[in-house]
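Observations on the model geometry
Listed below are the residues making up each chain.
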Amino acid sequence: MTDTAREQVAPQTIQVTVDGTPVPAVPGELVIEVAERAGVYIPRFCYHPRMEPVGMCRMCLVEVSGPRGFSLQPACYVRVADGQEVRTSSPKAAKAQEGVLEFLLVNHPLDCPVCDKGGECPLQDQALSHGPGESRFVEEKRHWEKPIEIGPLIHLDRERCIQCARCTRFAAEVAGEALIDFAFRGAHIEVAPFPERPFSSYFSGNTVQICPVGALTAAPYRFRSRPWDLEQVETTCVTCSVGCRVAAQSSAGRLVRYLGIDSEPVNQSWLCDKGRFGYEAVHATNRVTRPLVRRAGELVEARWAEALREVAAGVRQSDQRFGPGGIAVLGGARLTNEDAYAWSKLAKSILRTDHVDAQLGDGLPAELVLGLPRATIDDAVHAKALIVLAPDLREELPVLYLRLRKAAATVPVIECSTVPTALSEVAHVRCGYLPGEAQRLAGALVGDGSIEEIPGADPAEIERARAVLSALSGEGSDAAVGDGVVIVLGRPSLAEDARSIAGAAALLQRALPGARFLSVLRRANVHGALDMGLAPGILPGRVGLEAGRQWFEAAWGELPSDRGRDARGILEAAASGELSMLILLGADPIADFPDAALARHALEQVDLLVAVATHRDASNELAHVVLPVAGADERFGSTTNLEGRVTRLAPKVVPPGVAWPAWSVAAELARTLGNDLGCSSIETLSREISRLAPAHRGIDLDQLSAPERRDGIVAPLAETPVTLLGRRDGTSPRPIDPMATPGIFSVEEQGAPLGAGTALPVGGSGRRASSPEGARPPLLALGGLEALGLGGGAPGRLDAYSFRLVLRRALYDHGTLVQASLSLRGLAGQAVLAANPHVLEQLGVQAGDPVRCKSERGAIEVPIAPDASLARNVVVLTANLDDGANALVDAGSPVTDVRLETLA
Amino acid sequence: MITDAPRIVTSRLGHSDSHTLERYLATGGYEGLRAALARPPAEIREEVDKASLLGRGGAGFPAGRKWSMLRPAEITYLVINGDESEPATFKDHLLIERDPHQVIEGTIIAAYALGVAQAFIFCRGEFALGLERLSQAVNEAYAHGALGRNIFGSGWSLDLVIHPGAGAYICGEETALLESLEGKRGFPRIKPPYFPAAIGLYGAPTVVNNIETMSNLPWIVRNGGAAFAALGQGSSTGTRLFALSGRVERPGWYELEMSKTTFADLIMDPSLGGGVKDGHDLKAFIPGGVSAPWFGPEHLSLGLDQDAVAKQGSMLGSGSVVVMDDTTCAVRAAWRITRFFYRESCGQCTPCREGSGWLEKILRRIEEGAGREADLDLLMDACDNIAPGVSWPPQQTTICVLGPSIPSSIASGIRMFRDEFLLHVKEGGCPMRDAR
Ligand SMILES: Cc1cc2nc3c(=O)[nH]c(=O)nc-3n(C[C@H](O)[C@H](O)[C@H](O)COP(=O)(O)O)c2cc1C
Ligand code: SF4
Ligand code: SF4
Ligand code: SF4
Ligand code: FES
């Protein structure tokens, strides 16, 4: 139905009668949907609005009129026809429903008092509403060992299973990995993983969310709470930049569960397991709870005032030594928009430095991300063709992967990747390439340059990709070339310099001016941080430093005179003693910057290293001052996902110790410096963003607070007309469906999210800061490759003894968040170096043997693993596992080539 | 009346080597195919239509009509159902084991008539000898030029694959069979789509026919549809192979002219069933397999006629007739049949998966002496929740008709032998316990 509703042409409507009430319907709609619209609830178990109907459980039987009179039909499977009459509670329908419910209870253990689902259970609820009053079953029930662990996060109680196949269908249909299926037959049918293969999927938690009984339970939640003890807010997952909508639930002041909310344009109710269970990190023991300052080489607890004075002294010292350019700010991609704005304002107008970068050399140039025409996820899944030049999305942006995977059934997908990814399986064309050749490959795709002799690429595949693209250009002559094409753009390998990808993107844009881009940078609010100006040469609202100078100087005061350095530049400058002070905004460059040696050296060199942090990590271990801030589920504010969609965050628990919101750290630091940031509350900040930042004009927390803005608002708002819902079809977001996702209490029931009532009315008295004179500065637009100043950077030839390194990411790694989540930390894989089996043969080593992998920058020892899908001249390492693979990367070079040695 | 109708599908079974190619060729084998290939496919379809050949798999749908429903498409399939797994049904078993070439020739003729280039025979996995002989016969047919490229020089080609089942009765249901053939779980498909002829194997239009249905085709082509239709009466034309079992003197298979022959002939005639075992009295009989409602002695005079049996509220079904005499316990019979369905339910639909087990437990409890009077109403009501109205043909709350077949024996038992059920309750067990 979701797809039909998107059609722009007004669909033909028919009349259906549900329990005597006429209802207009669209041909093809399911009876259950039409009835629901008419306010008639039909009981159900197997039906899930996000999966194909199967009509298995028979709970939804209703009487439907047909050519041969009325017959009992499953409402979840039958599609409406004109003039059809539906009786949902006639004696016959009611008896059938009661009968099915009684049958379901026949073997059900009814151990509700010890069942996680008790109190929010569709079986309980529907037994009450549509079941017989009492049981006539006096026989012995079916017994099974309970519960069994079917995967690292999932337990299964087969006695409670009602065989609805929601879980197995999710695995096969949505996640694309049928790791669980039915085994045996009839009354003995059971959900089971395959022998020797646990149900370890990045999406396994969804099966728990949609199980209509307590058969599937999640290890992190089991027995933690009862539904009636739960409190809930609606917020956004800030684990990655997809920004899935979630219900965050707590019990006794601790987070205990995340459930995916059905946000039509974003996650459509699904979550990945990292996002779903990552809340455990909030209560981790390595949280920073009090300010820390270094005394006699040790970090010791201090009061806020003392710590801030220490930072202020550092600022003054830096100013004396270097003038305004002696300070740099790294990170900020995990802050809220308001935090990021406050820090951007502090850095650029008070510290007067433009050495600011929210990315850690692992992303793409800010001008590129902000300047390219943007696509939404919906644009991508309805594109005429998708070009994916990105890392393995299942590892980095799991729910985006689910959406694109589904889209591949109808949209031709051209994947450009150095090594196969999860998406390759469903891609129509996969163009491989040797790291460093992305720009040439892109040129070949759009007919700019030869398709022959691009290292690592197969000319036949390029031909196929070109055929897909040229088939499109035939359509509609007045449309721009590339209209309807969406390019998913990210950093395929951390060991391939961003310049090559930026060059590729610029080429694609020039050849396909109608194409739009979906940026797949990974960290939760990296797009918000860039939007708020946490990047060199950028001001809030996607404005360039020079273009926005007049506007922002009028509002903020004097700005830095020149464009600053990016992350690599900052670290290089620090390492060579050209910086006095470095502020880390929740960033851990030692773990995340592709060149670990450079990062460590830089951090050790500065006079004052300040870390604004939620958790202790490798980088803030070196800091002189550590300032504790509120993290996920502890803050008000908003976040911006990879589409530019702004959604509201809501706190569910209080920050530990004396942690502050990051924006108030910026405000207090300004005050300590004898300045005023002009923001006294999250609301004033939000209104200032809405007023000053051009791309975020008209978007503030008041707007985002209404329950019908569950889907957020995509920035920038169109000039006219304004669709605040961010939905193309203009319909309002789906109501919470307790049968699709048991356990979410609806917002309507809850009232508006916390804090919503404190906001001032839209456009109200929020005029405390003066509004600048003159025209609003224009949004950044990408002028082309040259404008980026990026050209060149072509890799050297790979010599015959070397391998080109691909440095990928894995969903579960040794990053701070995963390691702070008890349930997830053990899921990080073992570090291996993957190579073609031929390479192992040549080296004379077996799978699992350690080898030495050496680059110009460093060397590591790591077990080798054969992977026949790889070319013979590349090797693959995974960033941020325990092997320190990022020590190999030379951030200054277009690619990293390595040699392998045996350790005999 | 026992007629002198020709034996159409069992003509060769008197020979001990009936399964060999030599015997087959010596007794008119593959002549039907040669004759068919000499005519356009449409004419063959016409002959079959004229023969008014009813499907022999259970539903009794006219083969010619089914063929005419095949949606024209580039790829179409023919699938032959040889999964025969219902208790007391053993006619396809016989045809596969004793005359495999006849099955194959019929299949080739049907494929030719339908313009299909790939056919499958899905054969019950437990038919070890049958599978061996069927496979052997397929190889021989290829060698003989009756299968493969350019069959008998006609320019037309067909491939035939034998697929062994994996031990599930439900895979005899045609859509479960197709799923199984595709390598999936044997779950019947939900309707719509209503017919495999529209969307069948791998989504392509597919005709599914029974083994015995195929076995009739060589004769029909050789003798003409009219000759076939001249046998029997009304819509029940030709002969049919009946499997007789239970309390009779001479259980076994009998090919009889339809409609004109009666149940009394089949069960009682000395040349056929030879009467109820040991001179006992007939108590009841099942006219068409364990899915069918039971008949009493008053129905003996009924002809072996699809419509006549249907009119009396049962079916000829799979052509297996089971005889119960006065030593047969009605409760036990219903329980054993229900236990079969309980074990064979695929488990998709709640009413069938859970209902079958519940009914089985209640029946066993009654048989074992722990029954309650209220159990009778409970049984009937639970049956009603699987097949609303508990009538025949059944309405259903399920995906396929296995579920609604479960009530047949239970409702028959209770309706015909209520006192016997109550006696079990009163006496705390089976009154016939000692007679066995
Ligand atoms: C539960 C169930 C089991 C069945 N088993 C068989 C079987 O073993 N053999 C068979 O030919 N048909 C069986 N059928 C009938 C088939 O679904 C189908 O109607 C038949 O194969 C069509 O062939 P026909 O038209 O030649 O009769 C079964 C049906 C059901 C519902
Ligand atoms: S485990 Fe839950 S979701 Fe899966 S089949 Fe059983 S009841 Fe349905
Ligand atoms: S895909 Fe990203 S936003 Fe969605 S649940 Fe996973 S981590 Fe959270
Ligand atoms: S009625 Fe029984 S056998 Fe048929 S599909 Fe349903 S559960 Fe399976
Ligand atoms: S059959 Fe419709 S909800 Fe299960």
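All residue numbers here refer to positions counted from 1 along the written sequence of the relevant chain. Here every chain gets a letter starting at A, and every ligand a number starting at 1, in the order they are written. For this predicted model, a pLDDT threshold of at least 70 governs which residues receive local features, and a threshold of 80 or more governs which side-chain atom pairs are given and counted, while totals over whole chains, interfaces and linings are taken from all residues.

**Here we look at the overall build of chain A**
- Every helix listed is a DSSP run of H or I at least four residues long, and every strand listed is a run of E at least two residues long, numbered separately from the N terminus. Within chain A, the regular secondary structure consists of 29 helices and 36 strands.
- With the radius of gyration taken over C-alpha atoms, the globule rule is written as 2.2 Å times the number of residues to the power 0.38. For chain A, the C-alpha radius of gyration of 28 Å lies close to 29 Å, the compact-globule estimate for 904 residues.
- Its C-alpha atoms give chain A principal-axis dimensions of about 90 × 70 × 60 Å.
- For every residue, the other C-beta atoms within 10 Å of its own C-beta are counted; 20 or more classify it as buried, 12 or fewer as exposed, and values in between as partly exposed. C-beta atoms are placed from the backbone. A total of 904 residues make up chain A; the buried ones form 59% of that total.
- Sequence-distant contacts in chain A: of pairs separated by 6 or more residues, those separated by 24 or more amount to 72%. Contact criterion: two residues are in contact if their C-beta atoms, reconstructed from the backbone, are within 7 Å.

**Points about the overall build of chain B**
- Secondary structure summary: chain B contains 18 helices and 10 strands in total.
- Along the first, second and third principal axes, the C-alpha atoms of chain B reach 75 × 45 × 35 Å.
- Going through the 436 residues of chain B one by one, you find that 58% of them count as buried.
- Partitioning the contacts of chain B with sequence separation of at least 6, the portion at a separation of at least 24 is 72%.

**Quick word on the site of ligand 2**
- Surveying the vicinity of ligand 2 reveals 13 residues, the closest of which are C161(A), C164(A), C167(A), C211(A) and A215(A).
- Amino acids outside the nonpolar list (Ala, Val, Leu, Ile, Met, Phe, Trp, Tyr, Cys, Pro) and the charged list (Asp, Glu, Lys, Arg) are all regarded as polar, and Gly is one of them. A breakdown of the residues in the shell around ligand 2 according to their chemical character gives 11 nonpolar, 1 polar and 1 charged. Near residues are defined by distance alone, with the backbone-placed C-beta atom required to lie within 6 Å of the molecule or strand.

**Some details on the domain arrangement of chain B**
Residues and elements named next belong to chain B.
- Here chain B is partitioned into domain 1 (21-229), domain 2 (232-325) and domain 3 (330-435).
- Opposite the 18 residues of domain 1 that make contact, domain 2 presents 18 residues.
- Among the elements of the structure, α5 (91-98) and α11 (225-229) are those that each provide at least two residues to the side of domain 1 that touches domain 2.
- Tallied by class, the residues present in the side of domain 1 that touches domain 2 amount to 9 nonpolar, 5 polar and 4 charged. These domain boundaries are the output of an automatic or database domain assignment.

**What about the interface of chain A and chain B?**
- The interface is formed by 25 residues belonging to chain A together with 26 residues belonging to chain B.
- Among the elements that make up the side of chain A that touches chain B, the one with the highest residue count is helix α3 (residues 91-106) of chain A (7 residues).
- Grouping the amino acids of the side of chain A that touches chain B by side-chain chemistry returns 15 nonpolar, 5 polar and 5 charged.

**Topic: helix α15 (residues 459-473) of chain A**
All names here are of chain A.
- Across its 15 residues, α15 extends 21 Å between first and last C-alpha, which sits within 8% of the 21 Å expected from 1.5 Å per residue.
- All buried positions along α15 are accounted for by I462, A465, L469 and L472. Across the axial projection of α15, the buried residues extend over an arc of 75 degrees, all falling on one side. Exposed residues on α15 whose side chains face more than 90 degrees from its buried face are A460, E463, A467, S470 and A471.
- On its buried face, α15 is in contact with β18 (385-389), β19 (413-417), β20 (429-432), α14 (438-445) and β21 (485-489). Given the number of residues in a helix, its expected span is that number minus one, multiplied by 1.5 Å. The arc in question is traced by the directions running from the helix axis to the C-beta atoms.

**Regarding the confidence of the model for chain A**
All names here are of chain A.
- Note on scores: pLDDT gives the predictor's confidence for each residue, bounded by 0 and 100. Here chain A averages 91 in pLDDT, while 92% of its residues score no lower than 70.
- Considering only residues more than four positions removed or in separate chains, one finds that residues 1-8, a stretch of pLDDT under 50, has 10 contacts.
- With pLDDT under 50 throughout, residues 720-730 is counted as low confidence; its partners more than four residues away or in other chains account for 22 contacts.

**Regarding the site of ligand 1**
All names here are of chain B.
- The full set close to ligand 1 counts 22 residues, and G55, G57, G172, N210 and T213 are the nearest of them.
- Considering every element that reaches the shell around ligand 1, the biggest residue donor is strand β4 (residues 206-210), with 3 residues.
- Of the residues that constitute the shell around ligand 1, the class distribution is 7 nonpolar, 9 polar and 6 charged.
- Counting contributing residues, the shell around ligand 1 receives three or more from each of domain 1 (21-229) and domain 3 (330-435).

**Focus: the sheet that holds strand β14 (residues 292-295) of chain A**
Residues and elements named next belong to chain A.
- Should DSSP find at least two bridges between two strands, the strands are regarded as paired. Spatial ordering of the open sheet is given by β15-β14-β27-β26-β25-β16-β17, a layout of 7 strands whose pairing is mixed. One side of each edge strand has no neighbouring strand; the edge strands of this open sheet are β15 (298-301) and β17 (356-357).
- Examined bridge by bridge, strand β25 (residues 581-585) and strand β26 (residues 608-613) share 5 bridges and lie parallel to one another. Among the inter-strand pairings, L585 is bridged to a residue of β26, identified as V612.

**A short note on the packing of helix α15 (residues 350-367) of chain B against helix α16 (residues 374-386) of chain B**
Residues and elements named next belong to chain B.
- Their axes nearest at 10 Å, the elements α15 and α16 cross at an angle of 165 degrees. If you check the angle between α15 and α16, you find them roughly antiparallel. α16 is crossed by α15, and the crossing has left-handed handedness. Contact residues: α15 offers P351, C352, G355, W358, L359, I362 and I366, while α16 offers D375, L378, L379, A382, N385 and I386.
- Taken together, the residues that form the contact of α15 with α16 break down as 10 nonpolar, 2 polar and 1 charged. Axis lines are fitted to C-alpha atoms, over the contacting stretch for helices. Their N-to-C directions set the angle, which ranges from 0 to 180 degrees. Here roughly perpendicular refers to angles of 65 to 115 degrees, roughly parallel to angles under 35, roughly antiparallel to angles over 145, and oblique to all remaining angles. Crossings are assigned a handedness: left-handed for a near helix turned anticlockwise from the far helix by less than a right angle, right-handed for a clockwise turn.

**Here we look at unusual backbone geometry**
- Each neighbour pair has its own omega, and for K146(A) with P147(A) the value is -25 degrees, a cis peptide bond.
- Looking at the element boundaries, P147(A) is found in the loop between α4 (122-130) and β6 (148-149).
- Here the bond from K191(B) into P192(B) is cis, since omega is -10 degrees, no more than 30 degrees from zero.
- As for its placement among the helices and strands, P192(B) is situated in the loop between α8 (174-181) and β4.
- Even without glycine at this site, S269(A) takes up a positive phi of about 85 degrees.
- Using a count of 27 C-beta atoms within 10 Å as the deciding quantity, one classes S269(A) as buried.
- A positive phi angle is found at A296(A), which is not glycine, with a value near 55 degrees.

**Some words on the packing of α16(B) against helix α17 (residues 402-416) of chain B**
Residues and elements named next belong to chain B.
- Relative orientation of the contacting elements α16 and α17 amounts to 150 degrees, with a least axis distance of 9 Å. Between α16 and α17, the interaxial angle falls into the category roughly antiparallel. Where α16 crosses over α17, the handedness of that crossing is left-handed. Here L376, L379, M380, C383 and I386 of α16 lie close against α17, whose contacting residues are G403, P404, I406, P407, I410, A411 and I414.
- Classifying every residue of the contact of α16 with α17 by side-chain character gives 11 nonpolar, 1 polar and no charged.

**Brief notes about the domain arrangement of chain A**
- Each assigned domain of chain A is listed with its residue range as follows: domain 1 (2-105), domain 2 (292-363 + 526-738), domain 3 (367-519) and domain 4 (803-902).
- Put simply, the middle of domain 1 of chain A and the middle of domain 3 of chain A, counted by C-alpha atoms, are 41 Å apart.

**Side note on the pairing of strand β7 (residues 239-246) of chain B**
Residue and element names in this part refer to chain B.
- Counting buried positions over the 8 residues of β7 gives 7, a clear majority of the element.
- Of the strand pairs in this sheet, β7 and strand β8 (residues 252-257) are connected by 6 bridges, and their pairing is antiparallel. Paired with F242 across the bridge in β8 is Y254.
- The hairpin formed by β7 and β8 contains 5 residues between the paired strands.

**Let's talk about the pairing of strand β11 (residues 231-236) of chain A**
Residues and elements named next belong to chain A.
- Counting buried positions along β11 yields 5 of 6 residues, so the element is predominantly enclosed.
- With 6 bridges joining them, β11 and strand β12 (residues 245-251) adopt antiparallel strand pairing. Across the sheet, E234 pairs through a bridge with A247, a residue of β12.

**Considerations on the sheet that holds strand β10 (residues 216-218) of chain A**
Residue and element names in this part refer to chain A.
- Read across the sheet, 3 strands follow the order β6-β7-β10 without closing on themselves; strand pairing throughout is antiparallel. Either end of the sheet is taken by a strand with one partner, and the two such strands are β6 and β10.
- Both strand β7 (residues 154-156) and β10 contribute to a ladder of 3 bridges, which runs antiparallel. Directly across from H155, in β10, lies its bridge partner T217.

**Quick word on the confidence of the model for chain B**
- Taken over all residues, the pLDDT of chain B has a mean of 97, while the share at 70 or more is 100%.
- Predicted complex, confidence summary: ipTM 0.97, pTM 0.95.

**Points about the environment of E360(B)**
- Within the element layout of this structure, E360(B) appears in helix α15.
- Along the chain, E360(B) and A26(B) lie 334 residues apart, while their C-alpha atoms are 51 Å from each other.

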